[in-house]
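Chain by chain, the residues run as shown.
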Amino acid sequence: MTDKIPLLIDTDPGVDDALALLMAFNDPNHELVGLTIAAGNVGLDHTVRNALKLCEVAGREDVPVYAGCADPLLHPAVDAAHVHGRDGFGDIGFEPASRSVEAEHAALAILRLSHRHAGKLLLVALGPLTNIAVALKLDPTLPQRIARFVVMGGAVSAHGNITAAAEFNIAFDPEAAHIVFQGFPHIDLADWEAVIAHGFLHGRAEQWLQADSPRARFYDRISLQTRNWSADRRGDHWHSADALAMAYALQPQGAQELLDRPVAVELAGTLTRGATVVDWNRQEGRPDNATLLMRYDQARFESLIQAALAAG
Ligand code: RIB
Ligand code: CA
């Protein structure tokens, strides 16, 4: 029997997902009960392989990995291989992990684990919301069993990162995001604009990556391509979207400013499809279904990253 908080992460690893997973591996207060894998940053075959490899590198082959949907619900989407590498892990050509993915589909694993940990489960979504939307369609009572739901996604003032108005995770599968934002009464949201506000210096990250640990050495290799990409385009600060979401998930006490607002996903806009539309003035009578992370303790955030890389 444990008094740890059961944690289930839906993820599309992806280099920033990997840092978030290392943070979760290193947290003493949560029991990681599974990784459900989405397509997104790169194709599902790569995101599954990357999740299995990261577990192996971190010595966490106790964490079951479940493959999810290979495609968005309705429309095809473009991946983010230009950021993460064709294989999603910097194209370093790592030896695949020896362990295989579980036979159970991610959506079914989400439902089963929600029953097993009913009322206690912390669900964290770091990728497109396809798996969670399918789970919701299979069982609309899923939210009743989730203690807390943290999502990395959206751009609350339409400063997108994949289109002018939309953030990648939401834009990759807007229909799934719409189903999830409609289906869950409350979401703790770490959006792209919060990510940009919580960058850290490349130089500091390079220091952290010198830690004498297999996790730091592996992460140094898989992140090199995206760190160079980021430095070329975004200057001296690096940004890790999923790491910020994971900090908020693991240590919500680090949040320094939060705003509750109604949020909905645009499906039909020519220019705005996939945008997360915030009713800032609550003009349309919808309930506040999201708590928006506006400011997080930067020192706490950076120390969580440094500790995650140095662990093991
Ligand atoms: O927009 C950033 C998000 O999209 C991150 O979760 C990144 O890993 C990609 O999934
Ligand atoms: Ca991700």
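Predicted, not measured: the structure shown is a model, and the values here were computed from it. (Residues numbered from 1 in each chain as written. Chains lettered and ligands numbered in written order. Predicted model: local features only at pLDDT ≥ 70, side-chain atom pairs only at ≥ 80, totals over all residues. Heavy atoms only, no water.)

**Structural notes on the packing of aromatic side chains**
Per the stated rule, a full pass over the model turns up nine aromatic pairs. With 5.7 Å between their ring centres and 70° between their planes, F200 and W238 make a pair best called edge-to-face. Taken together, the residues span a long stretch of sequence, with F200 in strand β7 (residues 200-201) and W238 in strand β8 (residues 237-238) at a distance of 38 residues. The exposure class of F200 is buried, given its relative accessible area of 1%. Judged by its relative accessible area of 5%, W238 falls in the buried class. Members of the aromatic cluster, connected to one another through ring pairs, are F200, W208, Y219, W238 and F301. Over the ring of Y248 we find R148, and its NZ or CZ is 4.9 Å from the ring centre. (Phe/Tyr/Trp six-rings, centres within 6.5 Å; stacked < 30°, edge-to-face > 60°. Helix = DSSP H or I, 4+ residues; strand = E, 2+ residues; numbered from the N terminus. Buried < 20%, exposed > 50% of the residue type's maximum accessible area, 1.4 Å probe, protein only. Lys NZ or Arg CZ within 6 Å of the ring centre and 35° of its normal.)

**Comments concerning the environment of E302**
Among the structural elements, E302 can be located in helix α12 (residues 298-310). It is 9.3 Å that separates the C-alpha atoms of E302 and G199, two residues lying 103 residues apart in sequence. Filtering out sequence-adjacent residues up to four positions away, E302 remains in contact with G199, F200, R204 and W208. Side-chain polar atoms of E302 contact the side chain of Q298, separated by 2.8 Å. (Contact = heavy atoms within 4.5 Å. Polar contact = N/O pair within 3.5 Å; in protein donor to acceptor, adjacent residues only side chain to side chain.)

**Some thoughts on the sheet that holds strand β5 (residues 146-152)**
Strand-to-strand pairing in sheets goes through backbone hydrogen bonds, with the strands running parallel or antiparallel. What the eight strands build is an open sheet, ordered β3-β2-β1-β4-β5-β6-β12-β9; its pairing is mixed. Each having just a single partner strand, β3 (65-67) and β9 (255-261) make up the two edges of the open sheet. Here the average twist between neighbouring strands, direction ignored, is 25°. Across four bridges, strand β1 (residues 5-11) lies against strand β4 (residues 121-125) in parallel orientation. Within β4, the position partnered with I9 by the bridge is V124. (Pairing = 2+ DSSP bridges. Axes fitted to C-alpha atoms, helices over the stretch in contact; angles between N-to-C directions.)

**Focus: the side chain of R99**
Position of R99 relative to the elements: it lies in the loop between α3 (81-84) and α4 (106-116). Among buried Asp, Glu, Lys and Arg side chains, R99 stands out as unpaired, with E102 the closest opposite charge at 4.5 Å. Here the side chain of R99 touches E61 through a polar contact of 3.3 Å, landing on its backbone oxygen. Within the structure, the side chain of R99 is placed 2.8 Å from the backbone oxygen of V63, a separation counted as a polar contact. Apart from the residues lying within four places of it in its own chain, the contact partners of R99 are L52, C55, R60, E61, V63, P64 and V65. (Lys, Arg positive; Asp, Glu negative; His and termini not counted. Salt bridge = Lys/Arg side-chain N within 4 Å of Asp/Glu carboxyl O.)

**Points about the coordination of the calcium ion (ligand 2)**
Distances from the calcium ion (ligand 2) to its protein donors, D12 (OD), D17 (OD), D17 (OD), L126 (O) and D242 (OD), fall within 2.2 to 2.6 Å. All donors of the calcium ion (ligand 2) belong to a single chain; written as a sequence motif, their spacing is D-x4-D-x108-L-x115-D. Here D17 is found in helix α1 (residues 15-25), whereas its partner D242 is found in helix α11 (residues 241-250), with 225 residues between them in sequence. (Donors = N, O, S within 2.8 Å, 3.2 Å for Na, K, Ca; no water.)

**Description of the nonpolar core**
Side chains of nonpolar character tend, in soluble globular proteins, to be buried together. Counting 63 residues, the largest nonpolar core has I9, L35, Y219 and M246 as its most contacted members. The contacts of Y219, once residues within four sequence positions are left out, are V15, D16, A18, L19, L22, L209, W238 and L309. Of all hydrophobic cores here, the second largest spans 36 residues; its members include A133, F149, V151 and I187. (Core = buried A, V, L, I, M, F, W, Y, C linked by side-chain atoms within 4.5 Å.)

**A word on the side chain of E167**
Along the chain, E167 falls in the loop between β5 and α6 (168-172). Although buried, E167 forms no salt bridge, and the nearest oppositely charged side chain, R234, lies 9.9 Å from it. At a separation of 2.9 Å, a polar atom in the side chain of E167 contacts the main-chain amide nitrogen of G154. In terms of polar contacts, E167 uses its side chain to reach the backbone amide nitrogen of I170, at 3.1 Å. Aside from chain neighbours lying at most four places away, what touches E167 is M152, G153, G154, A155, G160, N161, I162 and W192.

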